[in-house]
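Secondary and tertiary structure notes
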Amino acid sequence: MISREQIGNVLDRPVLGEGGKKIGEVKHVYVDDATGRPEWMSVKTGMFGSSESFVPIRDATVVEDHTEVPYSKGTVKDAPRVDADGGGHLSVDEEHQLYEYYGIDWDASWSRANQPGEGGWAHGGGTGAAGAAGTAEGGTTGAAGAAGAPGTADAAMRARGDRDDDAMTRSEERMHVGVERRESGRARLRKYVVTEEVERTVPVRHEEVRVEREPITDANRGAAMSGPDIAEAEHEVVLHEERPVTETEAVPVERVRLTAEERTEQETVHGTVRKERIEAEAEEIDDARQDQGPGHR
């Protein structure tokens, strides 16, 4: 259970759930309008704290620089969606939904809030277990959490316009941009066979017949007269030629692989945010009313 004096030590601090896992950070603390006790805290969860979920304070514990609750991050993130900035109060229906979601006995909480010494009911008509639970302590500026001392929570309430004050708080939305990684396509290597014509020029040789004649001389007369005088004869010469011959062999020529290379480029993101504007209005008093004096009605 978190006391009112501990609110300053809770705001903008981490919230740890089951197993010591971080759920988010506390942004608002909602107190019971009747008893003044803290009842709920809103916790920023999700990427860049884009979501805000409500967690009951009854089982929360402040430990050094963080708050511990007996719930998992998934349980907190799946809690009923409630507008944390909706005027600084939870409606009866909204609170009832939260009680049912977290398994808290609505009737028992109603009885506890109405026990003597607990502050009773300041709102007639039975508005629910914690009374329209809550004025939000802290706000987007974390005023109560920054001071961390008793009394600063009340200052935060006044800054949000929940009490009489001569100042007005102006808020605006901020857009947070992140990135997500997703699959954009696939690439693969495929090997296939193609046939192409190749042309090469090589020299080839062949033999041709040539008839040579030589006259009879003293040098060759003996060979010429070795045979019969008159007879038929035949002499044969074998001719040769070269022809192109081809053969193929497979040889490795290169290795190919696919790699993913990361590139960074600038991309402009457009969105809409809401901003509050504060304008001063002056009311003029006509001369007739001013002449009648302050006692005129």
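Preceding this section is the structure that the text describes.
The structure displayed is predicted, hence computed values, not measured ones.

Secondary structure assignment for the protein yields seven helices and seven strands. For the protein, the N- to C-terminal ordering of α and β elements is β-β-β-β-β-β-α-α-α-β-α-α-α-α. Looking at the 297 residues of the protein, the share that counts as buried comes to 24%. Put simply, 60% of the contacts in the protein that link residues at least 6 apart link residues at least 24 apart.

Bringing the nonpolar core into the picture now. The nonpolar side chains of a soluble globular protein tend to be buried with one another. Counting residues in each nonpolar core, the largest one holds 28 residues, and the members touching the most others are Val29, Trp40, Met41, Val55, Val69 and Tyr102. Contributing elements (two or more residues each) for this core: strand E2 (22-31), strand E3 (38-45), strand E4 (51-56) and helix H2 (92-101). Here this core takes five residues from E2, the largest share from any one element. Those residues in contact with Tyr102 that lie beyond four places of it in its chain are Trp40, Phe54, Val55, Pro56, Tyr71, Thr75, Val76 and Ala79.

Looking at the second largest pocket, its volume works out to about 730 Å³. The wall of the second largest pocket is formed by 17 residues, among which Val179, Glu180, Arg181, Glu262 and Arg263 lie closest to the centre. Within the lining of the second largest pocket, the residues separate by chemical class into four nonpolar, four polar and nine charged.

Let us look at H2. By the burial criterion, the buried members of H2 are Glu95, Leu98 and Tyr99. The buried residues of H2 occupy an angular sector of 100 degrees when projected down its axis, which confines them to one face. Opposite the buried face of H2, at more than 90 degrees from it, the exposed residues are Asp93 and Glu100. Positive backbone phi, approximately 70 degrees, marks Gly103, located one or two places after H2.

With that settled, consider the packing of aromatic side chains. Following the criterion strictly, the structure yields five aromatic pairs and no others. A centroid spacing of 5.4 Å and a plane angle of 75 degrees characterise the contact between Trp40 and Tyr99, whose relative ring orientation is edge-to-face. A residue pair is termed long-range when its members are at least 10 positions apart, and Trp40 in strand E3 and Tyr99 in helix H2 qualify at 59 residues. You'll find Trp40 and Tyr99 in the same group, each marked buried. Through a chain of ring-to-ring contacts, the aromatic side chains of Trp40, Tyr71, Tyr99, Tyr101 and Tyr102 assemble into a single cluster.

Applying the stated criterion to the full structure yields 14 salt bridges. Between Lys27 and Asp12 there is a salt bridge, with the nearest N and O atoms lying 3.1 Å from each other. Taken together, the positions of Lys27 in strand E2 and Asp12 in the segment before strand E1 (14-16) put the pair 15 residues apart, joining distant regions of the chain. Each of Asp12, Lys22, Glu25 and Lys27 takes part in salt bridges that share partners, so that together they form one network.

Positive phi outside glycine occurs at Asp12, with the angle close to 60 degrees. Given a relative accessible area of 31%, Asp12 falls into the partly exposed group. At Glu64, a residue that is not glycine, the phi angle is positive and equals roughly 50 degrees. Its location among the elements puts Glu64 in the loop between strand E5 (61-63) and strand E6 (66-68).

Each value, and the rule that gives it
- Residues numbered from 1 in each chain as written.
- Predicted model: local features only at pLDDT ≥ 70, side-chain atom pairs only at ≥ 80, totals over all residues.
- Heavy atoms only, no water.
- Helix = DSSP H or I, 4+ residues; strand = E, 2+ residues; numbered from the N terminus.
- Buried < 20%, exposed > 50% of the residue type's maximum accessible area, 1.4 Å probe, protein only.
- Contact = heavy atoms within 4.5 Å.
- Core = buried A, V, L, I, M, F, W, Y, C linked by side-chain atoms within 4.5 Å.
- 1 Å grid on protein atoms, 1.4 Å probe; cavity = no way out; pocket = protein on both sides within 12 Å on 5 of 7 lines; lining within 4 Å.
- Points joined across faces, edges and corners; volume = space filled by probe spheres on them.
- Nonpolar A, V, L, I, M, F, W, Y, C, P; charged D, E, K, R; others polar.
- Arc of directions from axis to C-beta.
- Phe/Tyr/Trp six-rings, centres within 6.5 Å; stacked < 30°, edge-to-face > 60°.
- Salt bridge = Lys/Arg side-chain N within 4 Å of Asp/Glu carboxyl O.

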